[in-house]
Amino acid sequence: MTWAEWEAAVFGDDGQRRQQIALYCERHRNKALQTSDWQDRIEKMPSVLRGKPVIKGTRISVELIVGYLAGGAWSEEDILANYPGVTPEDIEACRQFAATGEPLYAMSREEFEAAVFGDKAKPNQRKA
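I will try to describe carefully the structure that is included in this document. None of these values were measured; they are calculated from a predicted model.

1. Looking at the packing of aromatic side chains
(1) Moving on: Tallied over the entire structure, the rule returns 3 aromatic pairs.
(2) Moving on: Taking 6.1 Å as the distance between ring centres and 45 degrees as the angle between the ring planes, the aromatic pair formed by Trp74 and Tyr83 counts as tilted.
(3) Moving on: Classification of Trp74 by relative accessible area gives partly exposed; the value is 26%.
(4) Moving on: Accessibility expressed as a relative area gives 22% for Tyr83, which makes it partly exposed.

And the structure:
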């Protein structure tokens, strides 16, 4: 079984997966972290996983952590055991971030180029 087949079996299609994550996060929305706490722990940088929200200072995406928890694949203890750099506060920050409704996936090509190049001309465009 490939990773994609396993993921589809556990989480369903993309729409079902997003719905599961949204429901899971809604149930955990009123936890102890305040908005400023998750903002200190979650970052989106074009140079890291093409702009996916990640735990600050890592390449561990919010989508990965919340997906494991929402799908029931791993418990919080499993995540802490397998990712030694992740703390319980990081996991809660991932839940809080996902509960905001912001996208958990990578930036689109346009968003990526705007973040990297800003107002500069795109490298592959020729001036007329």
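Still more ground to cover, so stick around.
2. So, the packing of helix 4 (residues 62–71) against helix 6 (residues 88–99)
(1) Moving on: Look at helix 4 against helix 6: their axes get within 9 Å of each other, and the N-to-C directions meet at 95 degrees. By the criterion of interaxial angle, the relationship of helix 4 to helix 6 is roughly perpendicular. Here Val62, Ile65, Val66 and Leu69 of helix 4 lie close against helix 6, whose contacting residues are Ile91, Cys94, Arg95, Phe97 and Ala98.
(2) Moving on: Here the contact of helix 4 with helix 6 is built from residues that sort into 8 nonpolar, no polar and 1 charged.

3. Observations regarding the nonpolar core
(1) Moving on: Counting 17 residues, the largest nonpolar core has Ile42, Ile55, Val62, Ile65, Ile79 and Cys94 as the members making the most contacts within it.
(2) Moving on: Of all the elements in the fold, those that place two or more residues in this core are helix 4 and helix 6.

4. A look at the environment of Leu80
(1) Moving on: Relative to the assigned elements, Leu80 resides in helix 5 (residues 76–82).
(2) Moving on: Remark: the alpha-carbon pair of Leu80 and Ile91, spanning 11 residues in sequence, is separated by 8.8 Å.
(3) Moving on: When sequence neighbours within four positions are dropped, the list of residues in contact with Leu80 reads Val86, Thr87, Pro88 and Ile91.

5. Things to note about unusual backbone geometry
Where the residue is not glycine, phi is negative for most of them; where a peptide bond is considered, it is trans in most cases.
(1) Moving on: The residue Leu49 is not glycine, and still its phi comes out positive at about 50 degrees.
(2) Moving on: Inspection of the secondary structure assignment puts Leu49 in the loop between strand 1 (42–44) and strand 2 (53–55).
(3) Moving on: Classification of Leu49 by relative accessible area gives partly exposed; the value is 29%.
(4) Moving on: Positive phi is not limited to glycine here, since Arg50 has a value of about 55 degrees.
(5) Moving on: Among the structural elements, Arg50 can be located in the loop between strand 1 and strand 2.

6. Details of helix 6
Each full turn of the α-helix corresponds to 3.6 residues, which orients residues three or four apart in the same direction.
(1) Moving on: Here helix 6 is 12 residues long and its end C-alpha atoms lie 17 Å apart, about the 16 Å a rise of 1.5 Å per residue gives.
(2) Moving on: Among the 12 residues of helix 6, 10 are classified as buried, and the element is accordingly described as predominantly covered.
(3) Moving on: Within helix 6, burial applies to Asp90, Ile91, Glu92, Ala93, Cys94, Arg95, Gln96, Phe97, Ala98 and Ala99.
(4) Moving on: Two residues or fewer after helix 6 comes Gly101, characterised by a positive phi angle close to 90 degrees.

Definitions and cut-offs
- Residues numbered from 1 in each chain as written.
- Predicted model: local features only at pLDDT ≥ 70, side-chain atom pairs only at ≥ 80, totals over all residues.
- Heavy atoms only, no water.
- Phe/Tyr/Trp six-rings, centres within 6.5 Å; stacked < 30°, edge-to-face > 60°.
- Buried < 20%, exposed > 50% of the residue type's maximum accessible area, 1.4 Å probe, protein only.
- Axes fitted to C-alpha atoms, helices over the stretch in contact; angles between N-to-C directions.
- Helix = DSSP H or I, 4+ residues; strand = E, 2+ residues; numbered from the N terminus.
- Parallel < 35°, antiparallel > 145°, perpendicular 65-115°, else oblique.
- Contact = heavy atoms within 4.5 Å.
- Nonpolar A, V, L, I, M, F, W, Y, C, P; charged D, E, K, R; others polar.
- Core = buried A, V, L, I, M, F, W, Y, C linked by side-chain atoms within 4.5 Å.
- Expected span 1.5 Å × (residues − 1).

Scope: geometric values only; no functional claims are made or implied.
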